[in-house]
Amino acid sequence: QKIVIAGHSMGCPAAMGYAARGGDVQALVLLAPGHAPRHYQGMRNTSVKDSVAQAKRLVADGKGDVQERFRDINQGRDINVVTSAKNYLSFFDPDSEAEMGVSAPRVPATLPVLLAVGDKDPLFTTIRAYAYDRLPANPRSRYLEVGGGHLETPNEALQPVVQWIKEATAA
């Protein structure tokens, strides 16, 4: 039996984190990876960066479990998130496991990974260096560019992904 785990957008850091922790998986598929805490640190819109700093102060002050308002940027929209500072940091701290740049090097070198991104995706020009190039080298791993945006990538990549899974998991 072969287990393939796949994620789309925010599901990519979760899938990658599972694999990096040694989850029982024989292949990993990342479709239009989203959620990039290190990327948020350099943006002109500092709302997430400011929220990370706020959450770190709350944790340092012993208030890490108190519900607070923090900021997120999702597909260009700045939105409110209500959660504890500890939970927020587990997802938005640029040094957390939710950061693909942190998890990617910890993925086992024996695990083949396919990363697919659409040419109209907001991370199209950066995701290869941001996540894929940080994965351990594996001859079965693939980087795939498809047409479309963030939401279209799973459908646009469907046939190549299915073919890759068959090849990558062949005994």
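Provided above is the structure to which this section pertains.
Residue positions are given per chain, counting from 1 as you read along its sequence in written order. For a predicted model such as this one, the threshold for reporting local features is a pLDDT of at least 70, and the threshold for listing and counting side-chain atom pairs is 80 or more; totals across whole chains, interfaces and linings nevertheless cover every residue. Calculation of side-chain values draws on the structure's entire complement of heavy atoms; hydrogens and water are dropped beforehand.

Trainee: I tried to follow the packing of aromatic side chains on my own but got confused; where do I start?
Mentor: Aromatic rings in a pair are described by how distant their centres are and how their planes are angled relative to each other. For this analysis, a ring pair means two rings from Phe, Tyr or Trp (six-membered ring only for Trp) whose centres lie within 6.5 Å, classed as stacked if their planes differ by under 30 degrees, edge-to-face if by over 60, and tilted for the remaining angles. Per the counting criterion, the structure on display carries four aromatic pairs. With 4.5 Å between their ring centres and 20 degrees between their planes, Phe70 and Tyr88 make a pair best called stacked. Linking Phe70 in strand 3 (residues 67–74) with Tyr88 in helix 4 (residues 85–92), this pair joins segments that are 18 residues apart in sequence. Per residue, the accessibility class of Phe70 equals that of Tyr88, and both read buried. Chaining the aromatic ring pairs together yields one cluster made of Phe70, Tyr88, Phe91 and Phe92. Residue placement shows Arg134 over the ring face of Tyr130; its charged tip is 5.8 Å from the ring centre. Numbered from the N terminus, helices here are DSSP runs of H or I no shorter than four residues, and strands are runs of E no shorter than two. Residue burial is assigned from relative accessible area. The probe radius is 1.4 Å, only protein chains are included, and a residue is buried under 20% of its type maximum, exposed over 50%, and partly exposed in between. Either the NZ atom of lysine or the CZ atom of arginine qualifies as a charge over a ring when it sits within 6 Å of the ring centre and within 35 degrees of the ring normal.

Trainee: Would you take a moment to explain the packing of helix 3 (residues 47–60) against helix 4 for this structure?
Mentor: Angle between the axes and distance between the axes are the two parameters that describe a pair of packed helices. Helix axes are fitted to C-alpha atoms over the stretch in contact, other axes to C-alpha atoms as well, and angles between N-to-C directions run from 0 to 180 degrees. Put simply, helix 3 and helix 4 touch, their axes get as near as 9 Å, and they point 135 degrees apart. Relative to helix 4, the element helix 3 is oriented oblique. Both helix 3 and helix 4 take part in a crossing whose hand is left-handed. Note on element contacts: helix 4 touches helix 3 through Ala85, Lys86, Tyr88, Leu89 and Phe92, opposite Val48, Ser51, Val52, Ala55, Lys56, Leu58 and Val59. By definition in this entry, angles of less than 35 degrees are roughly parallel, angles greater than 145 are roughly antiparallel, angles of 65 to 115 are roughly perpendicular, and the rest are oblique. Left-handed describes a crossing whose near helix is turned anticlockwise from the far helix by less than a right angle; the clockwise case is right-handed. In what follows, residue pairs with any heavy atoms lying within 4.5 Å of each other are defined as contacts.

In short, geometric facts, not functional conclusions.
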